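# Coordinate inspection notes
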Amino acid sequence: MKQVETSVHLRARGVSVLIELPDGEPPRILHWGGDLGEFGENGIAFARRAVPHSRPATDVRPGLIAQEATGFLGHPTLTGSRNGLAWSPSFVVESVSESDDSVVFEMTDPLAQLRISSTLSIDRSGILAVSHRLTNEGTDPYSVGELALALPVPLAANEILDMGGRWSLERQPQRRPLETGTWLRELRHGRTGFDSPLVFAAGTPGFNNRSGTVWAVHFAWSGNSRLWAERTPEGDQSLAAAELLGPGGEILQPGESYETPTLFGAWSDRGVDGIGSRFHERLRSRPRHPRTARPVTFNTWEAVYFDQTPETLSHLAEVAARYGVERFVLDDGWFLGRRDDARGLGDWRVDREVWAEGLEPLVTTVRQLGMQFGIWVEPEMVNPDSGLFRAHPDWILHVPGRDEPLLWRNQYVLDLSRQDVFDYLIDALDDLLTDHPISYLKWDHNRDLLDAGKADGRHGVHATTLGVYRLMDELRLRHPTVEIESCSSGGARVDLAILERTDRVWGSDTNDALDRHLIQRWTSVLLPPELVGSHVGPPTAHITGRTHDLGFRASNAVFGSFGIEWDIARATPAETAGLDTAIAFFKRFRDLIHSGELVHGDLPNPSATLQGVVAKDGSEALYQFSQLTSPPIAVPGPLPFPGLRADFSYRVKGIELPAHAHPAQHVMPAWWDDQELTVSGQVLSTLGLALPGLGPEQAVFVHLTQVPPAGL
Ligand code: DGJ
């Protein structure tokens, strides 16, 4: 640990976080943004502001712990009380421990008998992580209303980008000006939520995929939360988040602590892509980040739903294997009584009425065909019509005394803060994984939590969220090689806390390639493509009723963790051939897609998108040009290809996945069939390439490979 002066300066990858340690006050983040370099002897006087009239006599700033006691009247960091007292804490720094990339501030308020330990760290991708732990050092209970995490952003960041969404249309971007006051998002679903802003950002006016300076936060929590942007009349502006604790808050008995989830902050001076690229780099550097080629997955859900028989599924497995599928996932419907979504949840034993010989024959077939076997579970839920509920009606989250909590998809939520519930579930899951050679769990969670009370009557979302983390952690300890997919009615549990314990997310329930394209685009601001499941669904999407040709469906799915979710036993010969090509394409390019830098062009109108992945050394790139709606202009002009090395030359190859209908609006530029076209990176990134004029819901790819300089 270094000797700490009056400030702390964390730096990484072009990012600086400058923290001042004022006398008698919590530390203040004076700057989070571009690198400040080394600053010399004069310390940080340059950053102290003038004191305006009609204010306390000091430069009041929110501080890491924003508090009224030192003059700040914006959103406070800590709300809570000791039975109505100790409501205005005043923390002072007791100690500071600093290393090269992190700092821990120990702060106390002897009067309120509270301690806060705040940790800030910056990783090699320049992502800042902040969290607090609050401890009750008094002799009577302290009730925490909210413990918030806030990062300052400069006034230049006056446009907000966050996300809304609903079932089967997650992560819809929304923008608005950041003005005096608060823009608040509350997520009370008891899970992360379809409408959870994966990133909540503020940037310079008009910031775009590749332009503008952007500050973005992600709140790593799968329970209830609040995220907000605030500008005070004094000009303090911040992006903030807090766990939304239940009424009455979290009661801390003497000596007990409450820990916040982590708030991650990413800064970029090259638009939204710079934010995504930092998050992707962070995620890819995790020890448990999936490092094997992401397997082509077949999921049975939209192929058979609950209509499972050993014969149908063995047949599907054989068909899947012929396509070169590498992972076969048996979805919902395999366990006791589960003939529809009204019964069975909780009874995690194979239904012998359907599976007379158990799952072994299917698992054996799948494995003999060279595929991994995966299976669906929804451990946190129970149907009233189940053996588990009949035996333990008291195991559900509910308001005691109110007999019939609201059903949602015919199910209740188990109270995972109970040890007996935890024990039952860990045993059931452990048995399932021990008894069968299962490589993959699709872990679903199909409802919001309503009236989620624990047995003691108190609000249970906080405890049950920690309960599911504990359950997953314990299961992974026992079965470290099993991968887990986080599914929640599609994409309602996507956040970096669940991703600490899972290996893939199901992006959405919709396999409609058009909706899915944009869902994936906005999911990718946080997650790299290898973590986001994306399947080729049936020709007519079951959720929207919209029909897309295979070319468009497959084009979309290859830019993720590719899979198929469609009754391929009934595919026509043309579809079979098309799917073969799409799978070969994915296998050919998955290493690049799953390791390169994801880039997005800024196009002249929103009818089309241009996204690409560029290899880290710039030697190869794959771009996808997707015409989403009818183009307002007949053919796109040359479009610049972002992310390339200007000093390289590239061989250019156009690729179209098969089975696109070829209507009148499908015209190729002259170079399309030229096998020898070479263009400099400078031209490609400045002027760009002329692209095909496509009709709506069509996509093409452009593959670029570096041409070695002459003489080599
Ligand atoms: C919701 C999921 O998102 C679907 O993919 C499927 O697994 C169903 N649940 C099964 O009930």
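Above this text is the structure in question.
First, a word on scope: everything that follows refers to the structure included in this document. For every chain, the first residue of its written sequence is number 1, and the numbers climb from 1 along that sequence. Owing to the predicted nature of the model, reporting of local features is limited to residues with pLDDT of at least 70; listing and counting of side-chain atom pairs is limited to 80 or more, with chain, interface and lining totals taken over all residues. Only heavy atoms go into the side-chain values, all of them from the structure, while hydrogens and water stay out.

### Observations regarding the sheet that holds strand S3 (residues 28-34)
Note the following rule: A pair of strands is labelled paired if DSSP reports no fewer than 2 bridges between them. Only DSSP runs of H or I covering at least 4 residues are called helices, and only runs of E covering at least 2 are called strands; the numbering of each starts at the N terminus. Every angle, taken between N-to-C directions, lies between 0 and 180 degrees, and every axis is a line fitted to C-alpha atoms, over only the stretch in contact when it is a helix.
One open sheet holds the three strands; their spatial order is S1-S2-S3, and the pairing between them is antiparallel. With partners counted over all chains shown, the strands left at the sheet margins are strand S1 (7-12) and S3, one partner each. Strand-to-strand twist in this sheet, taken as the mean axis angle between neighbours without regard to direction, amounts to 10 degrees. As paired elements, S1 and strand S2 (residues 15-20) share six bridges and run antiparallel to each other. Note on S2: the bridge partner recorded for alanine 12 is valine 15.

### A closer look at unusual backbone geometry
We apply this condition: Only protein chains enter the accessibility calculation, which uses a 1.4 Å probe; a residue is then buried when its area is under 20% of its type maximum, exposed when over 50%, and partly exposed in between.
Within the chain, arginine 13 stands out as a residue other than glycine whose phi angle is a positive 45 degrees. Residue placement: arginine 13 occurs in the loop between S1 and S2. Residues other than glycine seldom take positive phi values, yet serine 168 does so here, at roughly 65 degrees. Mapped onto the fold, serine 168 is located in the loop between strand S10 (159-166) and strand S11 (169-177). On the basis of relative accessible area, serine 168 is assigned to the buried category, the value being 5%.

### Observations regarding the site of the ligand
Inclusion rule: We call a residue near a given molecule or strand whenever any one of its heavy atoms falls within 4 Å of it. Whenever two N or O atoms come within 3.5 Å, that pair is a polar contact, provided that in protein one can donate a hydrogen and the other can accept it, and provided that, for residues adjacent in sequence, both atoms are side-chain atoms. The accessible surface values rely on the Shrake-Rupley method and a 1.4 Å probe; as for residues, cover is taken only from the protein chains in view. Residues are grouped as follows: Ala, Val, Leu, Ile, Met, Phe, Trp, Tyr, Cys and Pro are nonpolar; Asp, Glu, Lys and Arg are charged; every other residue, Gly included, is polar.
Around the ligand lies a shell of 13 residues, among which Asp331, Asp332, Lys442, Asp444 and Asp509 are the nearest. Within the contact set of the ligand, an oxygen atom lies 3.1 Å away from a side-chain nitrogen or oxygen of tryptophan 376. When the ligand sits alone it has 290 Å² of accessible area, and the protein chains cover 98% of it. Split by residue class, the shell around the ligand holds four nonpolar, three polar and six charged.

### Re the sheet that holds strand S32 (residues 620-627)
Reading across from one edge, S30-S31-S32-S39-S34-S36 is the order of the six strands in this open sheet, with antiparallel pairing throughout. Edge positions in the open sheet fall to strand S30 (597-600) and strand S36 (678-680), since each of these has one partner strand only. Ignoring which end each strand starts from, the neighbouring axes of this sheet average 25 degrees apart. Bridging between S30 and strand S31 (residues 608-614) involves four bridges; their strand directions are antiparallel. Each bridged residue has a counterpart across the sheet, and for valine 599 the counterpart in S31 is glycine 612.

### Here we look at the packing of aromatic side chains
Quick note on the threshold: Pairing of aromatic rings covers Phe, Tyr and Trp, the last counted by its six-membered ring, and requires centre-to-centre distances within 6.5 Å; plane angles under 30 degrees mean stacked, over 60 mean edge-to-face, and any other angle means tilted. Our definition puts a charge over a ring when NZ of Lys or CZ of Arg is within 6 Å of the ring centre and also within 35 degrees of the ring normal.
Tallying each qualifying case throughout the model produces 18 aromatic pairs. Ring centres of phenylalanine 559 and phenylalanine 701 lie 6.3 Å apart, and the angle between their planes is 20 degrees; this geometry places the pair in the stacked category. Placement of the pair is phenylalanine 559 in the loop between helix H9 (550-557) and strand S29 (561-564) and phenylalanine 701 in strand S39 (residues 698-706), with a sequence separation of 142 residues. A relative accessible area of 0% means that phenylalanine 701 is categorised as buried. Among the aromatic residues, ring-to-ring pairing joins Trp334, Phe335, Trp348 and Trp376 into one connected group. In this arrangement the basic side chain of arginine 175 is found over the ring face of phenylalanine 207, its NZ or CZ atom lying 4.0 Å from the centre. Just above the ring of tryptophan 566 sits the side chain of arginine 553; from NZ or CZ to the centre is 4.8 Å.

### Some points on the pattern of salt bridges
Here is the rule we go by: A carboxyl oxygen of Asp or Glu within 4 Å of a side-chain nitrogen of Lys or Arg is what we treat as a salt bridge.
Evaluation of the coordinates by the stated rule reveals 55 salt bridges. Taking the shortest distance from any N to any O, the salt bridge between glutamate 483 and arginine 294 comes out at 2.8 Å. Linking glutamate 483 in strand S26 (residues 483-486) with arginine 294 in the loop between helix H1 (271-284) and strand S20 (297-299), this pair joins segments that are 189 residues apart in sequence. Accessibility classification places glutamate 483 together with arginine 294 in one group, the buried group. Members of the salt-bridge network, linked through shared partners, are Glu20, Glu25, Arg28 and Arg48.

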